[in-house]
Amino acid sequence: MKIIDKIRLQGSSEPFFSFEFFPPKTEAGTENLYLRMDRMTSIQPMFIDITWGAGGCTKDLTMAICEYTQTYFGVDTLMHLTCTNLTVEEIKKILKSAKEMGIQNILALRGDPPKGAIAWEPTPGGCSNAIDLVKLIRSEHGNHFCIAVAGFPEGHPHSKEKKDQDLIYLKEKIDAGADFILTQFFYDPDVFVDFHSRCRDAGIACPIIPGMMPIQSYASFKKMTSFCRTKVPEHIWQTLAPMKDNDEEVKEFGVRLCKDICVALQERCNAKGFHFYTLNLEKSVMNVLTLLGVKESAASRRFASTHFYFD
């Protein structure tokens, strides 16, 4: 089923959520991922999205995991698709295969540079950006696919453009046929509240689903936020400092912080759903959902999910 249709049917009755996973590098890792996904899908997320490795390096495995998830776990998948290292003809073949596999949801991305490349360059005969990719999907398949696109509340981390220009590009992606927006993760609720307001002022009326990433360790948090140029409020660094060498304490703090951000967005923006970047890890995300009361809801009504969107 198309995710945008599920969001519309959801209305305001219950919050929903979704999970992101990435293809492992080994066969054993893939088997372990399926076991983890089996447990996590038991609380019925609205959908799961599977990433597309840099330069399309995980193309076949990404598609295989999407098909397996829908077939054996009964959960709709959102397949990442990038422009990197692909011609238009190759993208058309991928879309045809996805359609044959029963995949109806695509996250259209420009993509990161291939491994070893200094900067991103368009592939000759390919798409130059996510806007082109959205247009291609719509021209080839009409409304068969639900298309999601990425939003960057703090501006694209590797763009020299100002945030206002990023917003213009985002509006163009929606106007080209995208159905909803998944955002980059953030740790300051004010950042999302401002982004959501600016989107609405710019005429972007589609669902905007905030991306959440619980802190797993001090080192990984510092590395990830530095790479993505993510704003981290000073009080978070001050709280983490005394516990930075104790991973369990850091994880516990990360769970509480993530839950508090979700609650703040519910209160300030009437949030209906959240998207969780799991890093292929289970415990922290599930603990956040427990604090939000989602797991209990799922157990009693067999309904739940980890994406909340904003009216």
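What comes next is a walk through the structure.

Analysis parameters
Residues numbered from 1 in each chain as written. Predicted model: local features only at pLDDT ≥ 70, side-chain atom pairs only at ≥ 80, totals over all residues. Heavy atoms only, no water. Axes fitted to C-alpha atoms, helices over the stretch in contact; angles between N-to-C directions. Helix = DSSP H or I, 4+ residues; strand = E, 2+ residues; numbered from the N terminus. Left-handed = near helix turned anticlockwise from the far one by under 90°. Contact = heavy atoms within 4.5 Å. Nonpolar A, V, L, I, M, F, W, Y, C, P; charged D, E, K, R; others polar. Parallel < 35°, antiparallel > 145°, perpendicular 65-115°, else oblique. Salt bridge = Lys/Arg side-chain N within 4 Å of Asp/Glu carboxyl O. Buried < 20%, exposed > 50% of the residue type's maximum accessible area, 1.4 Å probe, protein only. Pairing = 2+ DSSP bridges. Right-handed = clockwise from strand over helix to strand, strands pointing away. Core = buried A, V, L, I, M, F, W, Y, C linked by side-chain atoms within 4.5 Å. Phe/Tyr/Trp six-rings, centres within 6.5 Å; stacked < 30°, edge-to-face > 60°. Expected span 1.5 Å × (residues − 1). Arc of directions from axis to C-beta.

## What about the packing of helix H7 (residues 189-201) against helix H10 (residues 247-269)?
- Closest axis-to-axis distance for the H7/H10 pair is 10 Å, and the angle between their directions is 35°. Every pair of crossing elements has a handedness; the one defined by H7 and H10 is right-handed. When H7 is examined against H10, the residues Pro189, Asp190, Phe192 and Val193 are found in contact with a partner set consisting of Ile261, Ala264, Leu265, Arg268 and Cys269.
- When its residues are assigned to classes, the contact of H7 with H10 shows 7 nonpolar, no polar and 2 charged.

## Focus on the packing of helix H3 (residues 59-73) against helix H4 (residues 88-101)
- Their axes nearest at 10 Å, the elements H3 and H4 cross at an angle of 20°. As far as their axial angle goes, H4 and H3 are roughly parallel. In terms of crossing hand, the pair formed by H3 and H4 is right-handed. Across from Lys59, Met63, Glu67 and Gln70 in H3, the residues of H4 making contact are Ile94, Ser97, Ala98 and Met101.
- Looking at the contact of H3 with H4 residue by residue, the classes come out as 4 nonpolar, 2 polar and 2 charged.

## Points about the pattern of salt bridges
- Tallied over the full model, the rule gives 14 salt bridges.
- Between arginine 39 and glutamate 282 there is a salt bridge, with its nearest N and O atoms 2.7 Å apart. Within this pair, whereas arginine 39 is found in helix H2 (residues 27-40), its partner glutamate 282 is found in the loop between strand E8 (273-277) and helix H11 (283-291), the two being separated by 243 residues in sequence.
- For lysine 259, the salt bridge is made with aspartate 260, and the minimal N-O distance between the two is 3.7 Å.
- Overall, aspartate 260 belongs to the partly exposed group, its relative accessible area being 42%.
- Residues participating in the shared-partner salt-bridge network are Glu89, Lys92 and Glu140.

## Focus: unusual backbone geometry
- Of note, asparagine 270 is a non-glycine position whose phi angle comes to about 55°, a positive value.
- Mapped onto the secondary structure, asparagine 270 falls in the loop between H10 and E8.

## Things to note about the side chain of threonine 41
- Residue placement: threonine 41 occurs in the loop between H2 and strand E2 (47-50).
- A relative accessible area of 8% means that threonine 41 is categorised as buried.

## Thoughts on the pairing of strand E4 (residues 105-109)
- Counting buried residues in E4 gives 5 out of 5 residues, a clear majority hidden from the surface.
- Along E4, one buried face is formed by Asn105, Leu107 and Leu109 and the opposite face, lined by Ile106 and Ala108, is buried too.
- The sheet contact formed by strand E3 (residues 77-82) and E4 spans 5 bridges and is parallel. Bridging from a neighbouring strand, leucine 78 pairs with asparagine 105 of E4.
- In terms of handedness, the path from E3 via H4 over to E4 forms a crossover that is right-handed.
- Pairing of E4 with strand E5 (residues 146-151), which is carried by 4 bridges, proceeds in the parallel orientation. Each residue of the ladder has a partner; that of asparagine 105, found in E5, is cysteine 146.

## Quick notes on the nonpolar core
- Counting residues in hydrophobic clusters, the biggest one holds 82 residues, and the most contacted among them are Phe19, Met37, Met79, Leu81, Leu240 and Phe276.
- Of all the elements, H10 adds the most residues to this core, at 9 residues.
- One finds Ile4, Phe16, Ala150 and Leu182 within the second-largest nonpolar core, a separate group that totals 15 residues.

## Some thoughts on the packing of aromatic side chains
- On inspection of all chains with the given rule, the structure shows 14 aromatic pairs.
- Between tyrosine 187 and phenylalanine 221, the aromatic rings sit 4.9 Å apart at their centres with planes inclined by 90°, giving edge-to-face as the arrangement. Separated by 34 residues along the polypeptide, tyrosine 187 in the loop between strand E6 (180-185) and H7 and phenylalanine 221 in helix H8 (residues 218-227) bring together distant segments of the chain. In terms of burial, tyrosine 187 and phenylalanine 221 fall into one category: buried.
- Linked through ring pairs, Phe185, Tyr187, Tyr218, Phe221, Trp237 and Tyr277 together constitute an aromatic cluster.

## Structural notes on helix H6 (residues 163-175)
- With 13 residues, H6 extends 18 Å between its outermost C-alpha atoms, agreeing within 8% with the 18 Å of an ideal straight helix rising 1.5 Å per residue.
- Here H6 has its buried residues at Asp166, Leu167, Leu170, Lys173 and Ile174. On an axial view of H6, the arc spanned by its buried residues comes to 115°, and they lie on one face. Relative to its buried face, H6 has exposed residues pointing more than 90 degrees away, namely Asp164 and Asp175.
- Next to the buried residues of H6 lie helix H5 (130-141), E5, E6 and H7.
- One or two positions beyond H6, positive phi appears at glycine 177, with a value near 130°.

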